[in-house]
Amino acid sequence: MEKCRLIFSGSGGQGVITAAIILAEAAVIYEGRNAIQSQSYGPEARGGATSSGIIISDSEIFFPKVNQPNVLVCLTQESYNKFHTVIRPGGLLITDTRFVQTSRKVDARPRDLPLHYTVMEKIGKPIVLNICMLGAVVGMTNLVKAESILKVLEKRIPSSFMEMNRKALDLGINMGKELAS
Amino acid sequence: MNEKVRFVQGNEACVEAAIYAGLDFFAGYPITPSTEIAEHLSSRLPGKGGTFIQMEDEIASMCAIIGASLTGNKVMTATSGPGFSLMQESLGYAIMAEIPCVIVNVQRGGPSTGLPTSVSQGDVGQALWGTHGDHAIIALSASNHQDVFAMTIEAFNLAETYRTPVILLLDEVVGHMREKLIIPEDGEIPLVQRLRTSVKGGVDYHPYLPREDGRLPMSDFGGEHRYNVTGLIHDMWGFPSGNPAVAHGLLRHLVDKIWNNVHQIARYKEYYLDDASTVLISYGSSARSALHLVQNRRQRGERLGLLELQTLWPFPASIVRDRCASAKHVVVVEMNMGQIFKAVKMAVNDPGKVFLANRIDGVFITPTDIRNILRLIRGKGV
């Protein structure tokens, strides 16, 4: 993919911004591509509908904001209501089954995933929901290699948490691959 | 993994560059959107043998770096609009007493506390005329992280070269967004070190007697030489003077040392200017949108070019005049009510061909915003 624009949205504290940084950092540091990550800085970053934009490209990126994302992730109803209309026609709209009712009709490929349910059932800790989501995005889009994300995780988190994150990433990737077709 | 390739915020790029440049002392008061500069320096600087102090406010921060610089340190503070306003009085002191220092202003919406988390370039004029009295200042700007790194080092180098405060005008978009930064090897970018006097201790030292090349060698305050430092008009010993000839000479010196070197201080980038019929002039993050549009329209054969100014003050008027000479339209792209636009109008031969493409609502200007202005100028409507 020459250039891909993504928005991860959810509630402040769910880790969508962290997931965005991890994805962009994996692309830049371990895959030699260009990426830009930006995020909302208002009070919504502490709750409410927060979001982070990512652009990954093989060429130089000048305009740093994401207007029409090819991939939009919404992890809460509020973020879905706020952001679902910005998606690029035909884009990938990923939502979480537990938190989001996708009532509106949008010109997008909807993918309603049981991210929270799976994480709670298989791992039992909602803290890795964002990594599972990231896995699903990567599983569907093949934007970066799973190893690149794991390398970033190894650098960022204590080793005792690594296994939990690896598992969450794998769960997400498998879920994503199933739905990719 | 290559440790030299990093994925960081613009504020972190500024921190890395300051450390590369040999920053010894930082005093500041954290304020959005510059907070990450203080945050990262608080952990990075002590480890490098430097000093980090969080002061009670921006007035004290500015005073602290002035004192630290006088004693021989490379110094910096970082703030945003409200803090930059508080620094203006002692900024004037640093200009008058010719004390090298770097002030980073990561701009947000103003006036007053304005729009704390939104982007703006509204402090460009304040950087030039925020403090009172006739004076000159150097202000730099950058649009991407590699340039933030380069311009931060330039700020330290120019501060030492001209014994002056240098203001680095970043903005919320560049400061907060993350992108790639390649940290150069040691020695790859030349660093200007403090010019110290060769006058021996106990021998009469004139702190404000310029050499033939206009530079004034310094002596670390509290060290070998005793001398006076004041915000009053002063003679070559640094003592207050009401002598008209001394006052005239000092003011001329303060202004001339900057404006006589406008070409040495000018930093800029040119894109497709050779045959451009429309020249965009921009700086900081808005130059990214301008460049996006230029690259895009060039693919369709439109003769659009960009002059990205990295030195804003002293304004490189003759360079702007020259690059715009054969352009039909000149469009200044900035996120304020036309602070550089006015300087461009004064610089070019035909001010009637200069237009403004701006945004002042805290929203980052888009290539489409600029494109719409271009259509209007060309009589095509929006």
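Everything numeric in this text was worked out from a predicted model, so none of it was measured.

## Remarks on the overall build of chain B
Phase 1: Helices and strands together make up the secondary structure of chain B, namely 13 helices and 15 strands.
Phase 2: On C-alpha atoms alone, chain B measures out to a radius of gyration of 21 Å, which is about the 21 Å that the 2.2 N^0.38 rule sets for 382 residues.
Phase 3: C-alpha atoms of chain B, sized along the principal axes, occupy 75 × 55 × 40 Å.
Phase 4: For chain B, the residues scored as buried account for 49% of the 382 residues in total.
Phase 5: The contacts of chain B with a sequence gap of at least 6 include a subset with a gap of at least 24, amounting to 74%.

## Focus: the packing of helix H5 (residues 146-156) of chain A against helix H6 (residues 162-180) of chain A
Residue and element names in this part refer to chain A.
Phase 1: Two elements in contact, H5 and H6, have axes whose closest approach is 11 Å; the angle formed by their N-to-C orientations is 155 degrees. Between H5 and H6, the crossing angle belongs to the class labelled roughly antiparallel. Pair H5 / H6 crosses with right-handed handedness. Contact residues: Ala146, Ile149, Leu150, Leu153 and Glu154 in H5; Met162, Asn165, Arg166, Leu169 and Ile173 in H6.

## Some details on the nonpolar core
Phase 1: Counting residues in each nonpolar core, the largest one holds 163 residues, and the members touching the most others are A:Ala24 and B:Val344.
Phase 2: The element best represented in this core is helix H1 (residues 16-31) of chain A, accounting for 12 residues.
Phase 3: Taken domain by domain, this core gets at least three of its residues from each of domain 1 (5-182) and domain 2 (270-377) of chain B.
Phase 4: The contact partners of B:Val344, leaving out residues within four places of it in the chain, are B:Ile281, B:Val320, B:Val330, B:Val332 and B:Val354.

## Re unusual backbone geometry
Residue and element names in this part refer to chain B.
Phase 1: A cis geometry characterises the amide bond from threonine 32 onward to proline 33, with omega recorded as 0 degrees.
Phase 2: The linkage connecting tryptophan 313 with the following residue, proline 314, adopts the cis geometry, with an omega of -5 degrees.
Phase 3: Among the secondary structure elements, proline 314 is positioned in the loop between strand S13 (311-313) and helix H11 (317-324).
Phase 4: Here tyrosine 272, not a glycine, exhibits a phi torsion of approximately 55 degrees, which is positive.
Phase 5: Residue placement: tyrosine 272 occurs in the loop between strand S10 (268-271) and strand S11 (278-282).

## Considering the interface of chain B and chain A
Phase 1: In this complex, chain B contributes 18 residues to the contact, which on the side of chain A involves 16 residues.
Phase 2: Elements with a contribution of two residues or more to the side of chain B that touches chain A: strand S1 (5-9), helix H7 (172-176), strand S9 (178-182) and helix H10 (286-298) of chain B.
Phase 3: Among the elements that take part in the side of chain B that touches chain A, H10(B) stands out by supplying 5 residues, more than any other.
Phase 4: Along the lines of polarity and charge, the residues of the side of chain B that touches chain A split into 8 nonpolar, 6 polar and 4 charged.

## Here we look at H11(B)
All names here are of chain B.
Phase 1: For H11, every residue scored as buried is listed here: Val320, Arg323 and Cys324. Looking down the long axis of H11, one finds its buried residues gathered within 90 degrees of arc, a one-sided arrangement.
Phase 2: Where H11 is buried, its residues contact S10, S11, strand S12 (304-309), strand S14 (329-334) and helix H12 (339-347).

## Let's talk about the domain arrangement of chain B
Residues and elements named next belong to chain B.
Phase 1: Structurally, chain B comprises domain 1 (5-182) and domain 2 (270-377).
Phase 2: Once you take the C-alpha centre of each, domain 1 and domain 2 turn out to be 26 Å apart.
Phase 3: Counting from both sides, the interface comprises 26 residues of domain 1 and, opposite them, 20 residues of domain 2.
Phase 4: Those elements that provide at least two residues to the side of domain 1 that touches domain 2 are strand S6 (115-119), helix H5 (124-129), strand S7 (138-141), helix H6 (145-162), strand S8 (165-171) and H7.
Phase 5: Class assignment for the residues of the side of domain 1 that touches domain 2 results in 16 nonpolar, 8 polar and 2 charged.

## A short note on the confidence of the model for chain B
Phase 1: Counting all residues, the mean pLDDT for chain B is 97, and 99% of those residues have values of 70 or more.
Phase 2: Across the predicted assembly, pTM comes out at 0.97 and ipTM at 0.95.

What counts as what
Residues numbered from 1 in each chain as written. Chains lettered and ligands numbered in written order. Predicted model: local features only at pLDDT ≥ 70, side-chain atom pairs only at ≥ 80, totals over all residues. Helix = DSSP H or I, 4+ residues; strand = E, 2+ residues; numbered from the N terminus. Rg over C-alpha atoms; globule rule 2.2 N^0.38 Å. Buried ≥ 20, exposed ≤ 12 C-beta atoms within 10 Å, placed from the backbone. Contact = placed C-beta atoms within 7 Å. Axes fitted to C-alpha atoms, helices over the stretch in contact; angles between N-to-C directions. Parallel < 35°, antiparallel > 145°, perpendicular 65-115°, else oblique. Left-handed = near helix turned anticlockwise from the far one by under 90°. Core = buried A, V, L, I, M, F, W, Y, C linked by C-beta atoms within 7 Å. Domains from an automatic or database assignment. Nonpolar A, V, L, I, M, F, W, Y, C, P; charged D, E, K, R; others polar. Arc of directions from axis to C-beta. pLDDT = per-residue confidence, 0-100.

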